[in-house]
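The primary structure of each chain is shown beneath.
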Amino acid sequence: MWIHRGLRFVVANVLSARHKHFLEKRMASAYVRCIPGDEKMQITVEYCHEGSTTRAYNLDRKQLEDVGTAINRLKTNLAKSLFKKKKKKKNIAANSNINDTSREEDAENNLNVLIVNISGRKVDETIPNRVAWAEGNRLRIGNTDIPITVNAPTVKLLPLPTSIMAGFPIFPRFELEFADLQHCVFSWEKVESSPKEEVLGAEGGEASQENNCDMVSSRCLDQIYTPTTADIGMRLKLACVPGRNGRTGREDFVVSEEVKPGPGVCPFETRHLYTPTRTDDEHFRVVSYNLLADTYSDSDFARDVLFSYCPPYALDMDYRRQLLLKEITGYNADILCLQEVDRKLFENELLPSLDLLDFTGSLRIKGQQGQGCEGVAMFVRRDKFRIVSQEDMNLTEMLLTDPACSDLQAAVRRLPALLTSMEERSTVLQTMVVESTKQRGRYLCLANTHLYFHPKAGHMRLLQGATCLRHIQAVCLPYQQQGKTISVVFCGDFNSTPNRGIVQLMTQKHVPQDYLDWNDGGEKERIEGLELRHDMDLKSACGFVDYTNFTPNFHGMLDYIFVDAKTLAVQQVVPMPTHEEVTLHSGLPSVVFPSDHIAQVCDLTWKM
């Protein structure tokens with residue numbers, strides 16, 4: 001399970017010595033995972049026999065099984081290990097007349113394995129496993145007594161990214177059980193080679209771990225690490241000792257691939273100079289960003305036609321992911337509204353990485369019943385906002401069924417071709433109501449969308465935009481009726497330049513019947529007799545710029561953060577990259593720009 005909490009670590013002075021076992025043998029131990037109600041329990045015994053390498057023996061046994069059966073299984077696995085060791089001895093030739101089976105049976109018969117209780121008495125082998133493998137009891141192997149630990153804090157570190165570059169932070173992924181993140185201790189070390197590991201199946205009994213790494217130096221005692229140029233060509237070892245309520249569990253570690261050079265300074269790092277720290281309690285920072293979904297960049301058409309100027313490796317999500325995470329986290333935002341977010345990127349990268357920075361987030365995939373490949377995602381800081389409600393919406397479904405859209409429905413149903421076109425579109429709207437934790441009673445209605453992209457679909461975008469606004473108004477209405485302050489922040493890729501109908505609708509509150517965009521669909525989809533109005537006071541928080549999307553074939557402003565002009569004031573707008581930076585590599589994306597869009601970033605505050 002993912003543990004969703006931010007943290008700061010308290011590190012003891014002995015931590016630098018704590019990893020000495022990385023080159024030494026582990027102490028003998030017996031860990032048991034036994035969950036009430038489960039049929040089975042998992043047992044891991046770490047044992048070193050007569051100076052050999054410590055090995056882990058794994059058992060997956062039924063809780064109600066007689067413990068004697070589990071002990072016999074463990075004896076068999078231990079005997080196999082001991083016999084394997086004997087075979088390596090130089091005098092094995094002298095005993096070649098003894099068959100393998102008899103040697104293994106001899107090793108097993110001469111091995112003393114049992115469980116003893118606190119008083120040192122042998123536990124009855126007919127009692128169930130879940131009773132025998134109890135905290136306080138000990139597993140005795142030969143003359144060695146091994147304490148049994150039940151449901152110890154446990155961490156499973158997941159593999160580190162396959163591509164790691166100097167200058168770009170690594171956000172580890174992990175699973176915790178019986179552990180609290182704030183009581184786990186993480187550390188990074190630089191190593192010359194990765195460890196050799198041999199793991200057999202649980203009932204195969206044995207997992208050997210022979211450390212073959214040379215520790216060069218201790219690098220960092222924290223979860224998130226940014227490799228430096230000194231790390232290039234090296235591998236990184238991440239280790240974690242899990243903890244909870246004064247208890248600690250076994251350390252787990254993973255080793256990365258070699259660190260590679262980065263692309264140098266990226267233009268977004270200049271923008272980070274305007275966001276070096278988080279906002280104070282009176283302000284909040286909003287980012288709206290189209291990430292360029294992998295499904296649109298990872299194709300021959302994208303590589304050969306759309307983004308032919310961009311090196312193929314720079315279009316690969318494994319590369320772009322590193323730039324995206326560094327860029328997004330460097331804005332120190334309180335609210336993130338993202339578009340073109342792949343499900344895999346959200347689940348494997350954005351959610352766990354941003355969770356470490358105290359964000360909570362959700363994804364709404366486009367497509368019927370969320371069966372599409374990308375969508376929109378929203379994240380908010382837990383310590384800045386409390387989520388009150390969330391009401392996501394499929395815009396086509398709302399447009400064609402909600403009574404609040406009856407005028408839109410009538411206009412669409414008069415045009416069969418337009419109705420078909422609308423039904424084929426699966427645009428969604430995320431809406432989330434949050435309350436400020438710093439200024440109680442201040443509410444925000446956050447909205448995030450990505451409207452239909454086609455250049456000749458201005459009429460459809462107007463319908464989609466009008467539907468968005470009516471849903472937002474419906475969400476705000478109960479708060480307004482109760483006299484509460486609720487302000488709108490509406491972000492997204494609206495696929496419309498400032499001179500088109502969507503921007504006029506948002507900022508001027510009105511689009512007349514004869515507006516040019518109604519003709520975009522041609523004769524079969526021309527909308528007549530429909531005008532749009534709303535009563536919200538919205539403005540573009542970042543103003544209007546030449547472009548937020550730039551390729552050799554098109555450039556224009558498509559991305560906006562519309563905010564409530566009555567109740568919200570803009571305190572800062574992070575400047576756009578220079579035109580020279582954008583065009584240095586012909587267009588976006590490039591080796592230093594991870595998307596074909598440019599993030600919109602602004603700081604807001606309440607007016608009253």
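Here, every reference points to the structure presented above.
Let us look at the structure shown here. (Residues numbered from 1 in each chain as written. Predicted model: local features only at pLDDT ≥ 70, side-chain atom pairs only at ≥ 80, totals over all residues. Heavy atoms only, no water.)

1. Remarks on the nonpolar core
Right, so step 1: One finds L291, L350 and F379 to be the most contacted residues of the largest nonpolar core, which totals 65 residues.
Right, so step 2: By residue number, the principal contributor to this core is helix α9 (residues 317-330), which donates 6 residues.
Right, so step 3: L350 has contacts with L291, L325, I328, L338, V341, L345, D355 and F379, leaving out every residue within four places of it along the chain.
Right, so step 4: Core analysis: the next-biggest nonpolar cluster, separate from the first, contains 49 residues, L418, L451, V475 and C476 among them. (Core = buried A, V, L, I, M, F, W, Y, C linked by side-chain atoms within 4.5 Å. Buried < 20%, exposed > 50% of the residue type's maximum accessible area, 1.4 Å probe, protein only. Helix = DSSP H or I, 4+ residues; strand = E, 2+ residues; numbered from the N terminus. Contact = heavy atoms within 4.5 Å.)

2. A closer look at the sheet that holds strand β19 (residues 283-290)
Right, so step 1: Reading across the sheet, the 6 strands line up as β21-β22-β20-β19-β35-β34 and stay open at both edges, with mixed pairing between neighbours. Of all strands in the sheet, those bounded by a partner on one side alone are β21 (359-365) and β34 (568-573). Each strand axis lies, on average, 25 degrees off the axis of its neighbour in the sheet, ignoring direction.
Right, so step 2: Of the pairings in the sheet, the one linking strand β20 (residues 335-342) to strand β22 (residues 374-381) comprises 6 bridges and is antiparallel in character. The residue bridging I335 from the neighbouring strand is V380, located in β22. (Pairing = 2+ DSSP bridges. Axes fitted to C-alpha atoms, helices over the stretch in contact; angles between N-to-C directions.)

3. Observations concerning unusual backbone geometry
Right, so step 1: Of note, the bond from L588 into P589 is cis; its omega dihedral lies within 30 degrees of zero at 0 degrees.
Right, so step 2: Within the chain, N151 stands out as a residue other than glycine whose phi angle is a positive 50 degrees.
Right, so step 3: Relative to the assigned elements, N151 resides in the loop between β6 (144-150) and β7 (154-157).
Right, so step 4: Using a relative accessible area of 18% as the deciding quantity, one classes N151 as buried.
Right, so step 5: The phi dihedral of N332 is positive, around 50 degrees, even though this residue is not glycine.

4. Description of helix α13 (residues 416-423)
Right, so step 1: Residues of α13 that are buried include every one of L418, L419, S421 and M422, and no others. Down the axis of α13, the sector holding all buried residues measures 165 degrees, keeping them to one side.
Right, so step 2: Looking at the buried side of α13, the elements it contacts are α11 (395-401), α12 (406-413) and α14 (458-481). (Arc of directions from axis to C-beta.)

5. Some points on the packing of α9 against helix α10 (residues 343-355)
Right, so step 1: Contact geometry of α9 with α10 gives a least axis separation of 11 Å together with a crossing angle of 30 degrees. Overall, the two elements α9 and α10 adopt an arrangement that is roughly parallel. Between α9 and α10 lies a crossing whose hand is right-handed. The residues of α10 that touch α9, namely those facing M317, R321, L325, I328 and T329, are L345, E349, L350, S353 and L354.
Right, so step 2: Here the residues of the contact of α9 with α10 are counted per class, giving 6 nonpolar, 2 polar and 2 charged. (Parallel < 35°, antiparallel > 145°, perpendicular 65-115°, else oblique. Left-handed = near helix turned anticlockwise from the far one by under 90°. Nonpolar A, V, L, I, M, F, W, Y, C, P; charged D, E, K, R; others polar.)

6. As for α12
Right, so step 1: Taken residue by residue, α12 has L408, Q409, A411 and V412 as its buried positions. Within α12, the buried residues cover an arc of 165 degrees as seen down the axis, which keeps them to one side.
Right, so step 2: Buried residues in α12 make contact with α11, α13, α14 and β29 (532-533).

7. What to know about the packing of aromatic side chains
Right, so step 1: Under the definition given, this model contains 15 aromatic pairs.
Right, so step 2: Arranged with centres 5.2 Å apart and planes meeting at 50 degrees, the rings of F174 and F186 form a pair that is tilted. Note that F174 is positioned in strand β9 (residues 174-177) and F186 in strand β10 (residues 185-191), a separation of 12 residues in sequence. As far as burial versus exposure is concerned, F174 and F186 are alike and both buried.
Right, so step 3: Taking the centre distance of 5.1 Å and the plane angle of 75 degrees together, the rings of F490 and F494 count as edge-to-face. Per residue, the accessibility class of F490 equals that of F494, and both read buried.
Right, so step 4: Here the aromatic cluster, defined as three or more aromatic residues joined through ring pairs, consists of F490, F494, F544, Y560 and F562.
Right, so step 5: K237 extends its terminal NZ or CZ atom over the ring of F253, reaching a point 5.0 Å from the ring centre.
Right, so step 6: Cation over ring: K326 sits above F168, and NZ or CZ is 4.6 Å from the ring centre. (Phe/Tyr/Trp six-rings, centres within 6.5 Å; stacked < 30°, edge-to-face > 60°. Lys NZ or Arg CZ within 6 Å of the ring centre and 35° of its normal.)

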